[in-house]
Amino acid sequence: MTSQDVEAMLLDLPERLAVRVLAPAFALAWALAIDAGPLRAAETFSAKYQVAWGHVTLAEAEVSHSYADDAYTLTGSGKTEGVFSLLFDWEGSARTEGLAAQGARRPLRHSNGGTSNGSRRVTRVDWLDDGRPRSKIDPPPDYSEVTPVPPESTIGTTDPFTVLLQVLDTLKTEGRCEAEAKVWDGRRRYDLVVRHLGTEELAADRPWAYAGPSIKCALEVERIGGFRIKPPSWKPEDDTGERTIWAADLGDGLFVPVRAELGTAFGTVVGRLKMPEDQTAEAKKPAPAQQRPLRTNAR
């Protein structure tokens, strides 16, 4: 493996984890936390996560979900940490705003951006009333490196956060985390499938990690456009990267993601909810018009 291969691997790893796994996984868990009835006024939930590759900390991430009346907002941000940040300086964020009415969710806009070793990328998508997205991408994609995105394939799409909010409907009616959707994040167009894998009792593999019952779900991606034409030399062509998340009830029906995994050619990358030492399965919803972090700062 050359130094260029190592650099490509480091560049790809946190982006795959943050954009393709943790963001939708976090959104799914916030979806499970929302009551199926009318949205109440001005509530916010937030939580922090650590991302690790074995015993090496790769990144820290924070996720917030807020809603007022029939509008919702989801935000997520992360950056590399520890020794890994000395090798690869990465910071990224994503945000979705949308409307919810009569059991249906419609995105209004989605944005995501990141800085990798000084190189900045910014994307924004606004959905018009007819379902057509208007996208701003800076810098624009290089189609000598990524597959083209058929313009007609982006009509009637949704963003990664909103589609997983819709999993709530299936969970409430069938008790299963299942969904299918056409997704467009401004750079990549793919079909996302969420499959229910049953329940699982998790053991705490870190002093501050969650332990207890959980719902296990799989995320499957069918690539349509915007993906690399040729995989890097370090990555097998058949390496699709298994994506799995575990959501748990931390109290009063408040489900949050407690674990997310991404399979890579070099092992499994894991995102864990940072629970406090004195709280492993207890959380109370905030009062209306107040913001309450989930007391998820690990010591």
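You'll find the structure just up there.
A.B. asks: I'm lost on the overall build of the chain in this one. Help?
C.D. replies: If you tally the helices and strands in the chain, you get four helices and 14 strands. Expressed as a percentage of contacts within the chain between residues at least 6 apart in sequence, the contacts between residues at least 24 apart total 58%.

A.B. asks: Can you help me understand the side chain of Thr 154 in this one?
C.D. replies: Mapping Thr 154 onto the fold places it in the loop between β7 (133–138) and α3 (160–165). A relative accessible area of 10% means that Thr 154 is categorised as buried. At 2.8 Å, the side chain of Thr 154 and the backbone oxygen of Pro 151 are in polar contact. Apart from the residues within four sequence positions on either side, Thr 154 is in contact with Gly 131, Pro 133, Val 149, Trp 184 and Arg 189.

A.B. asks: I would appreciate a short explanation of the environment of Arg 95 in the present structure.
C.D. replies: For Arg 95, the location among the structural elements is in strand β4 (residues 90–101). Measuring from C-alpha to C-alpha, the distance between Arg 95 and Arg 124 comes to 9.4 Å, with 29 residues separating the pair along the chain. When near neighbours in sequence (up to four residues on either side) are disregarded, Arg 95 contacts Thr 73, Leu 74, Thr 75, Arg 109, His 110, Ser 111 and Phe 161. At 3.1 Å, the side chain of Arg 95 forms a polar contact with the side chain of Glu 97.

A.B. asks: Mind showing me how you'd approach the pattern of salt bridges here?
C.D. replies: When their charged atoms lie close together, side chains carrying opposite charge are able to pair. A complete count under the given rule lists twelve salt bridges for this structure. A salt bridge links Arg 124 to Asp 126; the nearest nitrogen and oxygen atoms lie 2.8 Å apart. The shortest N-O distance in the salt bridge between Arg 195 and Glu 220 comes to 2.3 Å. Of this pair, Arg 195 sits in strand β9 (residues 189–202) while Glu 220 sits in strand β10 (residues 212–225), and the two are 25 residues apart along the sequence.

A.B. asks: Looking at this model, I keep getting lost on the state of the cysteines. Mind explaining?
C.D. replies: Chemically, a disulfide is nothing more than a covalent bond linking the sulfur atoms of two cysteines. As enumerated under the stated definition, the model contains one disulfide in all. Across a sulfur-sulfur distance of 2.1 Å, Cys 177 and Cys 217 are joined as a disulfide pair. Because the sign of the S-S torsion sets the handedness, a value of about -115° for the bond joining Cys 177 and Cys 217 places this disulfide among the left-handed ones. Taken as a pair, Cys 177 in the loop between α4 (167–174) and β8 (179–184) and Cys 217 in strand β10 lie far apart in primary sequence, 40 residues in all.

A.B. asks: How do you make sense of the packing of aromatic side chains when you look at a structure like this?
C.D. replies: The description of two aromatic rings rests on the distance between their centres and on the angle between their planes. Here the structure, examined in full by the defined rule, presents one aromatic pair. Seen in terms of ring centroids, Tyr 190 and Phe 227 are 6.4 Å apart; in terms of plane orientation they differ by 70°. Their pairing is edge-to-face. With a gap of 37 residues between them, Tyr 190 in strand β9 and Phe 227 in the loop between β10 and β11 (243–249) connect regions that are remote in the sequence. Of the two residues, Tyr 190 and Phe 227, neither departs from the other in class, the shared state being buried. Cation over ring: Arg 105 sits above Tyr 72, and NZ or CZ is 5.7 Å from the ring centre.

About the thresholds
Residues numbered from 1 in each chain as written. Predicted model: local features only at pLDDT ≥ 70, side-chain atom pairs only at ≥ 80, totals over all residues. Heavy atoms only, no water. Helix = DSSP H or I, 4+ residues; strand = E, 2+ residues; numbered from the N terminus. Contact = heavy atoms within 4.5 Å. Buried < 20%, exposed > 50% of the residue type's maximum accessible area, 1.4 Å probe, protein only. Polar contact = N/O pair within 3.5 Å; in protein donor to acceptor, adjacent residues only side chain to side chain. Salt bridge = Lys/Arg side-chain N within 4 Å of Asp/Glu carboxyl O. Disulfide = S-S within 2.5 Å. Phe/Tyr/Trp six-rings, centres within 6.5 Å; stacked < 30°, edge-to-face > 60°. Lys NZ or Arg CZ within 6 Å of the ring centre and 35° of its normal.

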